[in-house]
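# Chains, contacts and geometry: an overview
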Amino acid sequence: MSLTVAVDIGGTHIRVAVYEPDSIKPISHERTRSLAREPGVYDRLEQAVEAVWPKEKVSAIGIASPGPLDPHTGTILATPNIPEWKNFPVAPKLAQHFGVPVHLDNDANMAGLAEWQYGAGKGHQNLVYLTISTGIGGGVISHGCLLQGFHGMGAELGHMIIDADGPLCGCGKRGHVESFCSGPAIARYVNEQLKAGQTSTLQMQPNLSALQIAEAARAGDALAISAFERAGHYLGVAVANYLAIFDPSIVIFGGGVSQVGELLFKPFEESLREYTFHPHYLDNLVITKAALGDDAGLLGALALARMKSE
Ligand SMILES: [Zn+2]
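Residues numbered from 1 in each chain as written. Predicted model: local features only at pLDDT ≥ 70, side-chain atom pairs only at ≥ 80, totals over all residues. Heavy atoms only, no water.

As a further point, take the sheet that holds strand S5 (residues 69-70). A sheet is described by the order of its strands in space; here three strands give the open sequence S5-S6-S7, paired in antiparallel fashion. Only two strands of the sheet have a single neighbouring strand rather than two, namely S5 and strand S7 (86-88). Of the pairings in the sheet, the one linking S5 to strand S6 (residues 75-78) comprises two bridges and is antiparallel in character. Within S6, the position partnered with Asp70 by the bridge is Thr75. (Pairing = 2+ DSSP bridges. Helix = DSSP H or I, 4+ residues; strand = E, 2+ residues; numbered from the N terminus.)

One pass over the full model with this rule turns up eight aromatic pairs. Between Trp85 and Phe88, the ring centres sit 4.7 Å apart and the planes meet at 5°, which makes this aromatic pair stacked. Of the two residues, Trp85 and Phe88, both sit in the buried class. Measuring from ring centre to ring centre gives 5.7 Å for Phe265 and Phe268, while their planes differ by 90°; the resulting arrangement is edge-to-face. Within this pair, Phe265 and its partner Phe268 are both found in helix H8 (residues 262-275), separated by three residues, close to a single helical turn. Phe268 shares its class with Phe265; the two are buried. These aromatic residues form a ring-pair network of at least three members: Tyr42, Trp85 and Phe88. The ring of Tyr42 carries the charged tip of Lys93 above its face, separated from the ring centre by 5.0 Å. (Phe/Tyr/Trp six-rings, centres within 6.5 Å; stacked < 30°, edge-to-face > 60°. Buried < 20%, exposed > 50% of the residue type's maximum accessible area, 1.4 Å probe, protein only. Lys NZ or Arg CZ within 6 Å of the ring centre and 35° of its normal.)

Surrounding the zinc ion are the protein donor atoms His159 (ND1), Cys169 (SG), Cys171 (SG) and His176 (ND1), at 2.0 to 2.3 Å. Around the zinc ion sit four donor atoms; with metal-centred angles ranging over 101 to 117°, the donor geometry is tetrahedral. Mapped onto the sequence, the residues coordinating the zinc ion show the spacing H-x9-C-x1-C-x4-H. Here His159, found in the loop between strand S11 (145-146) and helix H4 (177-181), pairs with Cys169, found in the loop between S11 and H4; they are ten residues apart in sequence, far enough to count as distant. Owing to a relative accessible area of 7%, Cys169 belongs among the buried residues under this scheme. (Donors = N, O, S within 2.8 Å, 3.2 Å for Na, K, Ca; no water. Tetrahedral: all angles 85-135°; square planar, octahedral: opposite > 155°, others 65-115°.)

Turning our attention to the pairing of strand S12 (residues 250-254). With five of five residues buried, S12 is to be regarded as a mostly interior element. Residues Ile250, Ile252 and Gly254 line one face of S12 and the alternating positions Val251 and Phe253 line the opposite face, and both faces are buried. As paired strands, strand S9 (residues 127-132) and S12 are joined by five bridges and run parallel to one another. Of the residues in S12, the one forming a bridge with Val128 is Val251. Direction of pairing for S12 relative to strand S13 (residues 286-289): parallel, over a ladder of four bridges. The residue bridging Val251 from the neighbouring strand is Ile287, located in S13.

Given below as structure tokens:
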């Protein structure tokens, strides 16, 4: 029997877990602060893996990490969350240290893979996963394969352009889905409207959160309601595009912003129907929430390592 080690590198924590074959319940688990903006992230990662390294044989390590990264070489190209990692060969370094194969992919792809293998997307062969929080990440399963692309940079669904002259995105380009539908994008819109003189129960503030806006919307605040209507509208436009490209049987939403529910998804569904190229895409299409929560990245890394070891 050989075990699999899964790693999830997040902005605040590095999580490591060890799994027996055919189980998604870890036999041991380690969580350490990543202190991602300080030096020594790799050493903390290596120590966290050491802490749970079992006596039994390990077949592979899987890693979910923020990107952009190259899954073919196991290299982090650059990630805003971890400034010291530029063209950083994290997978080869761990492989050399632990003497087992190490597989790497970005956290959104891994969350999509996990939802497909173990979560809301079980049994589907064509799946689109979208996580909406501070940023927007995506993962695509096409005909039962994780879509990685030539450079391993496929399925960046949050950076699809829906208005070339639109607002600035977190990535520095304009008009991406993320620049309309992420938590900070919704908050920015509210702040802009307040600055322009719109009345609201909300106050202009740089740290305004999507959660606060959702509370105001539920209490009937017209500006807050319109902010989610706008985000839902653009989300519908985005998903209409994904349907035309990938023709999935299921679309899964993860991330904090998707927890607001009807405020976002009612306008989303109206917009999706309006903008979808042909109504047949919507026949038997499942639209649902992610099932795995915070464990999605870790379980995706597990699924990746298992897939590559087969
Ligand atoms: Zn972008």
